[in-house]
Amino acid sequence: MATRFAKAWLRKPGISGDQWRAALKPDASAELMASLAETDPADVPTATITGPVQLQGTGAVTVAKFPAEGGAIVLELQVAGGRWQVTSLDWEAA
């Protein structure tokens, strides 16, 4: 789920904001989607994941960190309504 979300978040030329958000929505919390409502997908700082995910913590909150071109995608994951969701998103520039 985290990998699917991270790949959907990547910058893809020619994709509309609505298309980009539609790809993120199945794996994102409502709060995260609200925070991305005005985001232009052309502003996403990377287009490439460069290595395997690193998971930190295995309890109620798990962090998934994806190395990417220019930095790292950091996702916070929580179980809500019986399923895992991405509840926050951060970019760590290299």
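Procedures and definitions
- Residues numbered from 1 in each chain as written.
- Predicted model: local features only at pLDDT ≥ 70, side-chain atom pairs only at ≥ 80, totals over all residues.
- Heavy atoms only, no water.
- Buried < 20%, exposed > 50% of the residue type's maximum accessible area, 1.4 Å probe, protein only.
- Helix = DSSP H or I, 4+ residues; strand = E, 2+ residues; numbered from the N terminus.
- Arc of directions from axis to C-beta.
- Contact = heavy atoms within 4.5 Å.
- Salt bridge = Lys/Arg side-chain N within 4 Å of Asp/Glu carboxyl O.

**Student:** How should I be thinking about helix H1 (residues 2–9) in this particular structure?
**Tutor:** Because the α-helix completes a turn every 3.6 residues, residues three or four places apart line up on one side. Among all positions of H1, only Ala 2, Phe 5, Ala 6, Ala 8 and Trp 9 are buried. Buried residues of H1 fall within an arc of 165 degrees about the axis and therefore sit on the same side. Those residues of H1 that are buried lie in contact with helix H2 (17–24), helix H3 (30–35), strand S2 (61–68), strand S3 (71–80) and strand S4 (83–93).

**Student:** Sorry if this is basic, but what is going on with H2 here?
**Tutor:** Restricting attention to buried positions, one finds in H2 the residues Gly 17, Trp 20, Arg 21 and Leu 24. The arc that holds the buried residues of H2, viewed along the axis, is 95 degrees, so those residues lie on one side. Exposed residues pointing more than 90 degrees away from the buried face of H2 are listed as Asp 18 and Ala 22. Packing partners of the buried residues in H2 comprise H1 and H3.

**Student:** It is not clear to me how the pattern of salt bridges should be interpreted in this structure. Could you clarify?
**Tutor:** Here the idea is simple: oppositely charged side chains can pair when their charged atoms come close. Within the structure shown, the criterion is met by 3 salt bridges. Across the salt bridge formed by Asp 27 and Arg 4, the nearest N and O atoms sit 2.7 Å from each other. With Asp 27 in the loop between H2 and H3 and Arg 4 in helix H1, the pair connects residues that are 23 residues apart, well separated along the chain. Linking Glu 92 and Lys 65 is a salt bridge whose minimum nitrogen-to-oxygen distance equals 2.9 Å. A residue pair is termed long-range when its members are at least 10 positions apart, and Glu 92 in strand S4 and Lys 65 in strand S2 qualify at 27 residues.

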